[in-house]
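# Geometric and topological summary
Below are the chains, spelled out letter by letter.
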Amino acid sequence: MFYIDILGIVAFSISGVLIALEKKMDIFGILIIAFVTAVGGGTLRDLLIGHTPVSWMQNITISYVILGSTIAAVLFRSKINYLRTSLFLFDTIGISIYTMAGVEQGIEAELHPLICIALGTITASFGGVIRDILCNEIPVIFRKEIYATACIMGGATYFILKEFPIQENWIFIISGAVVILIRLLAVKFKISLPRLYKEEFEH
Amino acid sequence: MFYIDILGIVAFSISGVLIALEKKMDIFGILIIAFVTAVGGGTLRDLLIGHTPVSWMQNITISYVILGSTIAAVLFRSKINYLRTSLFLFDTIGISIYTMAGVEQGIEAELHPLICIALGTITASFGGVIRDILCNEIPVIFRKEIYATACIMGGATYFILKEFPIQENWIFIISGAVVILIRLLAVKFKISLPRLYKEEFEH
Amino acid sequence: MFYIDILGIVAFSISGVLIALEKKMDIFGILIIAFVTAVGGGTLRDLLIGHTPVSWMQNITISYVILGSTIAAVLFRSKINYLRTSLFLFDTIGISIYTMAGVEQGIEAELHPLICIALGTITASFGGVIRDILCNEIPVIFRKEIYATACIMGGATYFILKEFPIQENWIFIISGAVVILIRLLAVKFKISLPRLYKEEFEH
């Protein structure tokens, strides 16, 4: 648990709060959605590799950060629009950190590199998937996939760099930066993978 | 597994059957919904703390009780309205028992009190959440949250009472009673937490 | 991992691709839906009995087969209609194999025969349930249940045959054949369990 992790948890919690507010949920529903958005991906990762009790149960700080972020986001919800750019940056940093944490856990469990990359992607994206399912939406990730592509590219970078004599820490930093860079570029230039049957989709 | 537990399983199963009937499911769908409503919360709790195979797999009585309740509820479905008050009481007792069982398991796994309270709430409420997701509804708990608030209050009572020289059994009974009391009062006086953006919601 | 298993994985992956295409998902969404359709049931089974890291993480061949099937199905999507009969047969074989694999794992974990049958049914059917939840549909299995009935009958056949002096391998083959037979007959003669409130359902 590093200080930088907290940025990701804060951003993910607030993204959950914003969607729960749109759905007109009560304060308890908002808190739950913030929680699953922030820890859902890591929880699924922990369950799949058998790392139990899952992480957020063993580190109470995570719960405090989510609780604090949720309260702050609800109180200042009318002003949150001014923060959208900062939030987007936090969120992108969060994705990057979550991806690398998932990859790392996969390596510790001695899994195949492809599975490690999948774990990184699950850690970074599954919280949002659960959030969307609970809100009764088709998960946004299935329709806006550069998000996941960024995670996959970051994970792949890690395993490519490992073939070279580079220090472990630097490999993590560079791979994490790849995630951030791809996502920023994709959003800036509105890049997305081709959708099949696209012409019918734009209704 | 005490006799009183069975009341909760019966009530949760029947609540599942009623909702599945509304959705016009076939008999197999009804059984599944009854099953997940009754054991979904405990299953998630077991998975999160790594207590596997999960409880209902190790105690076949649970399956028999659910199967029996489902068959009875389907056969007498036209008469079930006369039992609504009894069912509501069973359900409330079930929530109380499930909450305390979750808190207890958290303590056995040596988790932080807040996490234990969360586990109690998950045990009592997540079966209903899965039921609603499978029926393609926004989980009712996110819109009617006194249910979960009662669980949280009961769990908190447990940890407050533990600071006093009270016998363990009594602590469980009093905390469980708090869950029941809060839920009954909330329903009787139609109390619910404020919904944000409430005015827009009542369409 | 036998060669025959691969048929099931291929069929399940393609069934996922077809549904994702209908939902106009992008290529990443299609891959995820193919993946959860193929491994979702086995993953839930592994989680419930505590067999982690889950199977697909320990056998990279599974991922390659899913990836290959998905790419092939997307490339030849305009021609896939000609293969519907073969796909249905593969799918039925897949269900049969998945059921028996689930039963076997339950026996290894020394669970009650009824629980083993449930595990077989979960393995064969839950991938489709997750697929439908992610696509925001009420799971088709709750409305077309002969699918699950076939799994349950196959599992029951296994435990009945075990009372007789028949070789283990033959028990698996006969039980698996029962799953296939019931499903083929049900589809051929359009048999389905009675739906309660059926008359209101046909809107």
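Residues numbered from 1 in each chain as written. Chains lettered and ligands numbered in written order. Predicted model: local features only at pLDDT ≥ 70, side-chain atom pairs only at ≥ 80, totals over all residues. Heavy atoms only, no water.

This is how it is decided: UniProt positions are given in the numbering used here, feature names are shortened, and annotations may be inferred rather than shown by experiment.
Chain A has the name Putative membrane protein YeiH in an unreviewed UniProt entry, where Algibacter lectus is given as its organism. Word for word, the UniProt comment on chain A under Subcellular location (unreviewed entry) is "Cell membrane". Per UniProt, chain A carries the Sequence similarities (unreviewed entry) text "Belongs to the UPF0126 family."

## A short note on the overall build of chain A
Short version of the rule: Here a strand is any run of E in DSSP of at least two residues, a helix any run of H or I of at least four, and the numbering for each starts at the N terminus. Three labels apply to residues, based on accessible area from a 1.4 Å probe with only protein chains included: buried if under 20% of the type maximum, exposed if over 50%, partly exposed otherwise in between. Contact criterion: two residues are considered in contact whenever any of their non-hydrogen atoms come within 4.5 Å of each other. To measure how exposed things are, a 1.4 Å probe is used in the Shrake-Rupley method; for residues, cover is taken only from the protein chains shown.
Per the secondary structure count, chain A includes 9 helices and 0 strands. When its helices and strands are written in sequence order, chain A yields α-α-α-α-α-α-α-α-α. Each of the 203 residues in chain A was classed as buried or not, and the buried ones make up 54%. Within chain A, contacts between residues at least 6 apart in sequence are counted, and of these 71% link residues at least 24 apart. On chain A, roughly 9,500 Å² of surface is accessible, and the fraction owed to carbon and sulfur atoms is 66%.

## A look at unusual backbone geometry
With an omega dihedral of -10°, the bond running from B:Thr52 to B:Pro53 counts as a cis peptide bond. Mapped onto the elements of the fold, B:Pro53 is located in the loop between α2 (27-49) and α3 (55-58). For A:Lys24, which is not glycine, the phi torsion reads 55° and is therefore positive. Within the secondary structure layout, A:Lys24 lies in the loop between α1 (3-22) and α2 (27-49).

## Things to note about the packing of helix α2 (residues 27-49) of chain C against helix α4 (residues 60-75) of chain C
Residue and element names in this part refer to chain C. Short version of the rule: Convention adopted: a line fitted to C-alpha atoms gives each axis, helices being fitted over their contacting stretch, and angles between N-to-C directions are expressed from 0 to 180 degrees. Our angle categories are set so that under 35 degrees counts as roughly parallel, over 145 as roughly antiparallel, 65 to 115 as roughly perpendicular, and the remainder as oblique. Whether a crossing is left-handed or right-handed is set by the direction in which the near helix is turned from the far one by less than a right angle, anticlockwise for left-handed and clockwise for right-handed.
Where α2 contacts α4, the axes come no closer than 10 Å and their chain directions differ by 130°. Put simply, α2 runs oblique to α4. The chirality of how α2 crosses α4 is right-handed. Residue-level contacts link Ile27, Ile30, Leu31, Ala34, Phe35, Ala38 and Val39 of α2 to Ile62, Ser63, Ile66, Leu67, Thr70 and Val74 of α4.

## Re the confidence of the model for chain A
The predicted coordinates of low-pLDDT regions are not to be read in fine detail. All names here are of chain A. Stated formally: How sure the predictor is of each residue is captured by pLDDT, a score from 0 to 100.
Per-residue pLDDT for chain A has a mean of 84; in total, 88% of the residues score no lower than 70. The element-level mean pLDDT for chain A is lowest in helix α9 (residues 198-201), coming to 38, with helix α4 (residues 60-75) highest at 93. Taken as a whole, residues 198-203 scores under 50 in pLDDT and shows 6 contacts with residues more than four places along the chain or in a different chain.

## Re helix α7 (residues 146-161) of chain C
Residue and element names in this part refer to chain C. How we decide: Multiply 1.5 Å by the residue count of a helix minus one, and that product is the helix's expected span.
With 16 residues, α7 extends 22 Å between its outermost C-alpha atoms, agreeing within 8% with the 22 Å of an ideal straight helix rising 1.5 Å per residue. Most of α7 is tucked away, with 12 of its 16 residues classed as buried. Looking only at α7, the buried set comprises Ile146, Tyr147, Ala148, Thr149, Ala150, Cys151, Gly154, Gly155, Thr157, Tyr158, Phe159 and Leu161.

## A word on empty space enclosed by the protein
Over the atoms, a rolled probe matching the size of one water molecule traces out where space is still vacant. Counted only if it meets this: Grid points spaced at 1 Å over the protein atoms alone were grouped into cavities, where a 1.4 Å probe fits but cannot get out, and pockets, open sets with protein on both sides within 12 Å along at least five of seven lines, with lining residues defined by an atom within 4 Å of a point. Grid points are joined across faces, edges and corners, and a volume is the space filled by probe spheres set on the points. Gly counts as polar in this scheme, as do all residues outside two lists: the nonpolar Ala, Val, Leu, Ile, Met, Phe, Trp, Tyr, Cys and Pro, and the charged Asp, Glu, Lys and Arg.
Scanning the model with the defined rule gives 2 cavities of 30 Å³ or more in all. Considering only enclosed or pocket space, the largest cavity measures out at about 90 Å³ in volume. As for the largest cavity, its lining consists of A:Ile133, A:Asn136, A:Glu137, B:Ile133, B:Asn136, B:Glu137, C:Asp132, C:Ile133, C:Asn136 and C:Glu137. In terms of residue class, the lining of the largest cavity is made up of 3 nonpolar, 3 polar and 4 charged.

## Overview of the pattern of salt bridges
Let me state the cut-off plainly: Basic side-chain nitrogens of Lys or Arg form a salt bridge, by our definition, when they fall within 4 Å of a carboxyl oxygen of Asp or Glu.
Tallied over the full model, the rule gives 9 salt bridges over all chains. Between B:Arg131 and B:Asp132 there is a salt bridge, and its shortest N-O distance comes to 3.2 Å.

## Description of the UniProt feature "transmembrane region" (unreviewed entry) in chain A
Residues and elements named next belong to chain A. Per the UniProt annotation, the sites labelled "transmembrane region" (unreviewed entry) are residues 6-21, 28-44, 56-76, 88-105, 111-134, 146-164 and 170-189. Within residues 56-76, the helical portion is 90% and the strand portion 0%, while the C-alpha atoms at the span's ends are 26 Å from each other. Across residues 111-134, helical content stands at 92% and strand content at 0%; the span's end C-alpha atoms are separated by 30 Å.

## Points about helix α5 (residues 84-108) of chain B
Compared with the 36 Å implied by 1.5 Å per residue over 25 residues, the 36 Å span of α5(B) between its first and last C-alpha is a close match. At the exit of α5(B) stands B:Glu110, carrying a positive phi of roughly 60°.

## A closer look at the packing of helix α5 (residues 84-108) of chain A against helix α7 (residues 146-161) of chain A
All names here are of chain A. Contact geometry for α5 and α7: axes closest at 10 Å, N-to-C directions at 50°. Judged by the inter-axis angle, α5 sits oblique to α7. Here the hand of the crossing between α5 and α7 comes out right-handed. Only Tyr147, Cys151, Gly155, Tyr158 and Phe159 of α7 make contact with α5, whose side of the interface consists of Ile95, Thr99, Met100, Val103 and Ile107. Of the residues belonging to the contact of α5 with α7, the class tally is 8 nonpolar, 2 polar and no charged.

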